[in-house]
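Chain by chain, the residues:
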Amino acid sequence: MRNAFAKSIIELAEKDERVVLLTGDLGFMVLEPFARQFPKRFYNVGAAEQNMVGVATGLAEAGFIPFVYSIANFASLRPYEFIRNGPLLHRLPVRIVGIGDGFDYGPAGPTHHGLEDVGVMRLLPGMTVIAPASPSQTRTALQETYALAGPVYYRLGKASGKPLPEIGFHPETIETLRPGRDALILTLGGIAQEALAAAEKLEAKGVFLEVAAVAQVAPAPESAIFEMARRFPVVATLEAHYVCGGIGSLVAEIIAEHGIKTRLVRFGVREFSSGRTGSTTWLRKRHGLDGESVAETILQVLGGRR
Amino acid sequence: MNGTSDVGDLFARCVRQIILEQSRRANVGHIGSALSIADLIAVLYDRILKIRSASDPDRDRFILSKGHAALALYAALHLKGLLDKRTLDTYCGDDSLLGVHPEHALPGVDFCSGSLGQGFSFAVGTALAARIQGSKRRVFVLLSDAECNEGVVWEAVQFAAQHRLSNLCALIDLNGQQAIGYTKDILDLSPMAEKWRAFRWEAFEADGHDQAAIFRLLSGMNFAEGTPRVVVARTVFGKGVSFMENQIPWHYLPMNKEQYARACAEIGTAEGT
């Protein structure tokens, strides 16, 4: 998704002179082609994320569409108040690109994990929040949304893994990755891979799990989630994010507000870092977000209902 | 301080008068911080800034990064015909465009400020935008000395110097005070000009109440080339009202009736005019 972004932003800059890219000294082996092609529209602002958003706000006010680029937590948490008082308060088209979906920076440790970004961005009325599940969806989402009037937060994964089916992007819909009938799992970002792995394991036991990716978290595709969730007795959510604030919270809100009679199971991170780190795969497993753990829990919940 | 000779020219005196009138009417504070910048604001709005209309994209920009002194800005906008009296009189009322801190919904204000350090960073982006667009518009930004406690100020200082944003001029209201104490006792940044020079800005020092000196400095700058510039303006907090000058409580306090009458007399205007 990171590489899809690097390619897409060149396409956007080619057709739209307003596109400017700012990085907080990150993007080695990713952003160089853009910098070479558009030297006057590329600024490495240094390790200074607050000023990066401040400068982007000034640029956007003058008519530019600035993208600011960093690792998810440095792009969202470090300059959070600047995002609120800058592009959000002034309704300006600053695009915040947060790289690293959850545990993507695995062994780099908890300072580099992005587990709150979607929640804190979703809190802000007027902020569009997008977390694509695949490179193809990243490209379409950028094309569809880069020219919106207000700010956008893009959460882009960097981990590679089993490729997902080709999916598009539409702000008001959710993309089905695999049809099913016994339970539904709604996923956020690159961890959709684990949901697909869970579905495969469950199918071997005769249980059919539908897998769908929610790419735009805010404004939420509320009726699409409602229509889908009401068809299943069990709805799960899966995200590499704290269980509070992300799509688990979003889906809980929709289910409760619409009075849907379904059981909700939220897969997400429930505890702060233990001080031990490891690969993305290890961290997902440790927090019960891997395909096997997800399949096991869903089986238990379904079993309990029968 | 006494008499009217020390409270600036007519424009500056009118700025001070409006600050007193409106803060009294609304019963709010930040009077000392606004009085501190009255002369700087007067030079900028009356003699430096080229603003044909609030919507002209090539107009010079002014960003009051020390947003808590907004009343001085509102006064200048009013005196330049950019803000009518009826709107000015809504200051701090319900459903008003004029709060304690400036908001961009008010014509003539480009950015919300009030969270210290942010306006300066926005100003740096504004100067960069003018550079990329090839516009000759200039960007002036006014910070408080205590605002320079904020880390982002130094992030923005580095960026502006690195990109030689010569179309940017910062002014620092060096009144030596912050919200609940004197800067020398809290985070002493003296010598201020040296700090900026160390970051490759061209720094000037001046008496922030000597309007002629401030005008000479600003009108003599070549905004087309060189490094960004900063004017470290030595000011007196509460300037013009003797019982407020250098007094910490006047960062927040509103005036009572007697204090208001005395303050008006000192700046040489009739009370309530």
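Small disclaimer: the values here were computed from a predicted structure and weren't measured.

Basis of the calculations
- Residues numbered from 1 in each chain as written.
- Chains lettered and ligands numbered in written order.
- Predicted model: local features only at pLDDT ≥ 70, side-chain atom pairs only at ≥ 80, totals over all residues.
- Heavy atoms only, no water.
- Helix = DSSP H or I, 4+ residues; strand = E, 2+ residues; numbered from the N terminus.
- Rg over C-alpha atoms; globule rule 2.2 N^0.38 Å.
- Buried < 20%, exposed > 50% of the residue type's maximum accessible area, 1.4 Å probe, protein only.
- Contact = heavy atoms within 4.5 Å.
- Areas by Shrake-Rupley, 256 points an atom, 1.4 Å probe, with all protein chains shown as cover.
- Lys, Arg positive; Asp, Glu negative; His and termini not counted.
- Charge placed at Lys NZ, Arg CZ, Asp CG, Glu CD.
- Core = buried A, V, L, I, M, F, W, Y, C linked by side-chain atoms within 4.5 Å.
- Domains from an automatic or database assignment.
- Buried area = accessible area lost by both parts, 1.4 Å probe.
- Phe/Tyr/Trp six-rings, centres within 6.5 Å; stacked < 30°, edge-to-face > 60°.
- Pairing = 2+ DSSP bridges.
- Right-handed = clockwise from strand over helix to strand, strands pointing away.
- pLDDT = per-residue confidence, 0-100.
- Salt bridge = Lys/Arg side-chain N within 4 Å of Asp/Glu carboxyl O.
- Polar contact = N/O pair within 3.5 Å; in protein donor to acceptor, adjacent residues only side chain to side chain.
- Axes fitted to C-alpha atoms, helices over the stretch in contact; angles between N-to-C directions.
- Parallel < 35°, antiparallel > 145°, perpendicular 65-115°, else oblique.
- Left-handed = near helix turned anticlockwise from the far one by under 90°.

Looking now at the overall build of chain A. For chain A, the helix and strand inventory stands at twelve helices and twelve strands. Rg of the C-alpha trace for chain A: 19 Å, near the compact-globule value of 19 Å for 306 residues, within the 12% margin. Buried residues in chain A amount to 61% of all 306 residues. For chain A, restricting intrachain contacts to residue pairs at least 6 apart in sequence, the fraction spanning at least 24 positions comes to 78%. With an accessible surface of roughly 12,100 Å², chain A has 52% of that area assigned to carbon and sulfur atoms. Between the centroid of the 32 positive side chains of chain A and the centroid of its 31 negative side chains there is a distance of 3 Å.

Let us look at the nonpolar core. Counting residues in hydrophobic clusters, the biggest one holds 82 residues, and the most contacted among them are A:Leu22, A:Leu186, B:Phe120, B:Leu168, B:Trp196 and B:Trp201. Counting residues per element, this core draws most heavily on helix H7 (residues 151-162) of chain B, which supplies eight residues. Inspection of this core shows a minimum of three residues originating in each of domain 1 (2-156) and domain 2 (175-305) of chain A. In contact with B:Phe120, not counting residues within four places along its chain, are B:Ser65, B:Val141, B:Leu143, B:Val153, B:Ala156, B:Val157, B:Ala170, B:Trp196 and B:Trp201.

Moving on, we come to the domain arrangement of chain A. Residue and element names in this part refer to chain A. Assigned domains of chain A: these are domain 1 (2-156) and domain 2 (175-305). Computed over C-alpha atoms only, the centres of domain 1 and domain 2 are separated by 26 Å. Across the contact, 25 residues belong to domain 1 and 31 residues belong to domain 2. Between domain 1 and domain 2, the buried area comes to about 2,100 Å², and carbon and sulfur atoms account for 59% of it.

A few words on the packing of aromatic side chains. For the coordinates displayed, the defined rule picks out 16 aromatic pairs over all chains. Note on A:Phe34 and A:Phe42: the rings are 6.4 Å apart at their centroids and 55° apart in plane angle, and the pair reads as tilted. Classification of A:Phe34 by relative accessible area gives buried; the value is 1%. Between B:Phe243 and B:Trp250, the ring centres sit 5.6 Å apart and the planes meet at 70°, which makes this aromatic pair edge-to-face. Like B:Trp250, B:Phe243 is buried. Ring pairing ties together the aromatic residues B:Phe120, B:Trp154, B:Trp196, B:Phe199 and B:Trp201, which thus form one cluster.

Residues and elements named next belong to chain A. Two strands pair when backbone bridges link them, and strand E11 (residues 234-242) and strand E12 (residues 263-269) are joined in this way by six bridges, in the parallel orientation. Paired with Ala236 across the strands is Val265, a residue of E12. In this view, the connection linking E11 to its parallel neighbour E12 by way of helix H10 (residues 247-258) has right-handed handedness.

Quick look at the confidence of the model for chain B now. Confidence along chain B averages 95 in pLDDT terms, with 96% of residues attaining 70 or more. In this model, residues 1-5 of chain B is a region of pLDDT below 50 whose contacts with residues beyond four sequence positions or in other chains number nine contacts.

The omega torsion across A:Ala218 and A:Pro219 is -15°, close enough to zero to call that bond cis. Relative to the helices and strands, A:Pro219 resides in the loop between strand E10 (216-218) and helix H9 (222-229). At B:Asn27, a residue that is not glycine, the phi angle is positive and equals roughly 55°. Looking at the secondary structure, you find B:Asn27 in the loop between helix H1 (10-26) and helix H2 (31-36). Phi is positive for B:Cys92, close to 65°, though the residue is something other than glycine.

Each partner contributes to the interface: chain B provides 22 residues, whereas chain A provides 21 residues. Taking both sides of the interface into account, the surface hidden between chain B and chain A amounts to around 1,900 Å²; carbon and sulfur atoms contribute 64%. Remark: the boundary between chain B and chain A carries one salt bridge. Between B:Arg61 and A:Glu61 there is a salt bridge whose closest N-O contact spans 3.3 Å. Viewed at the interface, chain A and chain B are joined by nine residue pairs in polar contact (both at pLDDT 80 or more).

Attention now goes to the pattern of salt bridges. Pairing of side chains with opposite charge becomes possible as their charged atoms draw close. Under the definition given, this model contains 25 salt bridges over all chains. Of the charged contacts in the structure, one is a salt bridge between A:Lys285 and A:Asp290, with a shortest N-O distance of 3.5 Å. Assessed through its relative accessible area of 46%, A:Lys285 is described here as partly exposed. Judged by its relative accessible area of 8%, A:Asp290 falls in the buried class. Between B:Asp110 and B:Arg59 there is a salt bridge, with the nearest N and O atoms lying 2.3 Å from each other. Taken together, the positions of B:Asp110 in the loop between helix H5 (85-88) and helix H6 (118-133) and B:Arg59 in the loop between helix H3 (38-48) and strand E1 (61-64) put the pair 51 residues apart, joining distant regions of the chain.

Residues and elements named next belong to chain A. Between helix H1 (residues 2-15) and helix H7 (residues 135-145), the least distance of the axes is 9 Å, while the angle of their chain directions is 30°. In terms of axis orientation, H1 runs roughly parallel to H7. Judged by the twist between their axes, the crossing of H1 over H7 is right-handed. For the pair formed by H1 and H7, the contact residues are Ala4, Phe5, Ser8, Glu11 and Leu12 on the first element and Pro135, Thr138, Arg139, Leu142 and Gln143 on the second.

With that out of the way, let us pick up the environment of B:Arg234. Residue and element names in this part refer to chain B. For Arg234, the location among the structural elements is in strand E7 (residues 229-234). Sequence separation between Arg234 and Asn27 is 207 residues; the distance between their C-alpha atoms is 28 Å. The residues contacting Arg234, other than those within four sequence positions of it, are Leu174, Glu205, Ala206, Asp207, Gly208 and His209.

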